[in-house]
Amino acid sequence: MSKQAAKRIMMMRPKHFGFDPSTARSNSFQSQEGANEIAAIENKAKLEFEEAVSKLRSEGIDVIALDDSDNPVKPNAVFPNNWVSFHDDGRVLLYPMMTESRRSERREEVLTQLAEEGIKVDEVIDLSGYEAEEKFLESTGSIILDYDHKLLYACISTRTHPAVLDKFCELMGYEAVVFEAFNKTDEAIYHTNVLMCLAAKYAVICLDAIPLIQREDVSSALERTDHEVIEITMDQMYAFAGNMLEVLNSEGESVLVMSQTAYESLSTIQKSKLSSYSKLVSIPIPTIEKYGGGSIRCMMCKVE
């Protein structure tokens, strides 16, 4: 049986969500328009979060919703998939984060709370020491893991450093498919999970973002592992159509979770292809997407 789809996910209830200028320097998906409406944005994000959890649970998806701490203020805490990853052998990895405002998201009490919920936390491997060398790797934002084939996909950026990538592969026994990826203005795409989603049997990917010379490596790795490649356009990537996650519901059925923005950007043919594998569930999170520059996949951390 495939290990790819998440059976349980952890989500972090935001306390102080808002536009973060320090992350915006490397994240072209964030918007500053209207960002001074701090209280309104915070309240809308909290509402979007609660409605997202409610919708996921109504679809039979096992969500552990935890609370962000008040201090220090962590405007990006709603995206917990960037600082931690959980593995079926009980190992938990903590990652070096590029932006200082995000480093306090790594909280020991989160791991304690998850262990109390029955999540295996046998060994914690802390890679955050790489921050002192200004080398970063932001968990499943930076790396797309193929759990079944011990393969990972990563686009190099200021948040994804080859040295930390190599350390991950050495520790976890993965082989890396490394490439570059650029947005419409030829800036490096900050996280791999913006342009790519890997499910058990298919991959949603914006190949147009990858230079032609490297595209073949990515495509052939996906074909070699029997993944149907479902391409999205650059415009669809900007609508967060690459930022999706496959999860299993309580019946063991495949569900592909995406934002409403992403769903509305898809063509009828793309929806039909995806629906042949997974039930499509879309969640409206416009405030979180606009000011956080991340979508629903970034809000869901696979814990099992």
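Residues numbered from 1 in each chain as written. Predicted model: local features only at pLDDT ≥ 70, side-chain atom pairs only at ≥ 80, totals over all residues. Heavy atoms only, no water.

Undergrad: Sorry, what's going on with the overall build of the chain here?
TA: When its secondary structure is counted, the chain shows twelve helices and 15 strands. Radius of gyration (C-alpha) of the chain: 18 Å, near the 19 Å computed for a compact globule of 304 residues. With the C-alpha coordinates of the chain rotated into their principal frame, the extents come out at 45 × 45 × 40 Å. Every one of the 304 residues in the chain was classed for burial, and the buried ones make up 58%. In the chain, of all internal contacts separated by at least 6 residues, the share reaching a separation of at least 24 is 75%. (Helix = DSSP H or I, 4+ residues; strand = E, 2+ residues; numbered from the N terminus. Rg over C-alpha atoms; globule rule 2.2 N^0.38 Å. Buried < 20%, exposed > 50% of the residue type's maximum accessible area, 1.4 Å probe, protein only. Contact = heavy atoms within 4.5 Å.)

Undergrad: How should I be thinking about the pattern of salt bridges in this particular structure?
TA: In a structure, side chains of opposite charge can pair up when their charged atoms sit close to one another. Counted by the stated rule, this structure contains 17 salt bridges. Overlapping salt bridges bring together Arg 8, Asp 62, Glu 117 and Glu 304 as one network. (Salt bridge = Lys/Arg side-chain N within 4 Å of Asp/Glu carboxyl O.)

Undergrad: Whenever I open this one, the packing of aromatic side chains confuses me. Can you help?
TA: Centre-to-centre distance and the angle between the planes together describe a pair of aromatic rings. Applying the stated rule across the entire model yields two aromatic pairs. Its end group placed over the ring of Tyr 238, Lys 184 keeps NZ or CZ at 4.7 Å from the ring centre. Lying over the aromatic face of Tyr 147, Lys 302 brings its terminal NZ or CZ to 4.3 Å of the ring centre. (Phe/Tyr/Trp six-rings, centres within 6.5 Å; stacked < 30°, edge-to-face > 60°. Lys NZ or Arg CZ within 6 Å of the ring centre and 35° of its normal.)

Undergrad: What's the story with the pairing of strand β13 (residues 254-259) in this structure? I'm lost.
TA: If a strand is regular, its side chains alternate between the two faces of the sheet. Across the six residues that make up β13, a large majority, six, are buried. The alternating pattern of β13 places Ser 254, Leu 256 and Met 258 and Val 255, Val 257 and Ser 259 on opposite faces, both of which are buried. Summarising the sheet, strand β12 (residues 245-248) and β13 pair through four bridges and their orientation is antiparallel. When the bridges of β13 are listed, Val 247 appears paired with Val 255. In this structure, β13 lies alongside strand β14 (residues 279-283), joined through five bridges in parallel fashion. Directly across from Ser 259, in β14, lies its bridge partner Ile 283. (Pairing = 2+ DSSP bridges.)

Undergrad: Would you explain empty space enclosed by the protein in this entry?
TA: Where empty space is left can be seen by rolling a probe of water-molecule size over the atoms. One pass over the structure, following the stated rule, counts four cavities of 30 Å³ or more. Only β6 (143-146), β9 (196-198) and β12 provide two or more residues apiece to the lining of the largest cavity. Classifying every residue of the lining of the largest cavity gives nine nonpolar, two polar and three charged. (1 Å grid on protein atoms, 1.4 Å probe; cavity = no way out; pocket = protein on both sides within 12 Å on 5 of 7 lines; lining within 4 Å. Points joined across faces, edges and corners; volume = space filled by probe spheres on them. Nonpolar A, V, L, I, M, F, W, Y, C, P; charged D, E, K, R; others polar.)

Undergrad: For this particular structure, what's the right way to read the sheet that holds strand β11 (residues 228-231)?
TA: Read across the sheet, three strands follow the order β9-β10-β11 without closing on themselves; strand pairing throughout is mixed. Only two strands of the sheet have a single partner each, and these edge strands are β9 and β11. Averaged over all pairs of adjacent strands, the angle between strand axes in this sheet comes to 15 degrees, irrespective of strand direction. Where β9 meets strand β10 (residues 202-205), three bridges bridge the pair, whose relative direction is antiparallel. Opposite Leu 198, over in β10, you have Ala 203 as the bridge partner. Helix α7 (residues 212-224) rests against β9, β10 and β11 of the sheet, and its axis sits at about 160 degrees to β10. Taken strand by strand, helix α10 (residues 268-275) contacts β10 and β11, and its axis lies near 150 degrees from that of β11. (Axes fitted to C-alpha atoms, helices over the stretch in contact; angles between N-to-C directions.)

Undergrad: I would appreciate a short explanation of the environment of Ala 200 in the present structure.
TA: Looking at where Ala 200 falls in the secondary structure, it is placed in the loop between β9 and β10. On the basis of relative accessible area, Ala 200 is assigned to the partly exposed category, the value being 21%. With 196 residues separating them in the primary sequence, Ala 200 and Gln 4 have C-alpha atoms 5.3 Å apart. Ignoring any residue separated from it by four or fewer positions in sequence, one finds Ala 200 in contact with Ser 2, Gln 4, His 227 and Glu 246.

Undergrad: Hey, could you run me through the layout of surface pockets in this one?
TA: One number sums up the size of the largest pocket: a volume of about 350 Å³. Lining the largest pocket are 17 residues, and of these Phe 86, His 87, Asp 88, Asp 89 and Lys 302 sit closest to its centre. The residue makeup of the lining of the largest pocket, split by class, is six nonpolar, two polar and nine charged. Every residue along the wall of the second largest pocket is listed here: Met 1, Ser 2, Ala 5, Ala 200, Lys 201, Tyr 202, Glu 246, Leu 248, Gly 252, Glu 253, Ser 254 and Tyr 277. Looking at the lining of the second largest pocket, its residues break down into six nonpolar, three polar and three charged.

Undergrad: In this structure, what is going on with the sheet that holds β12? I would like to understand it.
TA: As summarised here, the arrangement of the three strands in space is β12-β13-β14, forming an open sheet in which the pairing is mixed. What marks the edges here is a single partner per strand, and that holds for β12 and β14. Taking the axes of each pair of neighbouring strands and ignoring which way they run, one obtains an average angle of 35 degrees across the sheet.

Just distances and angles here, no functional claims.
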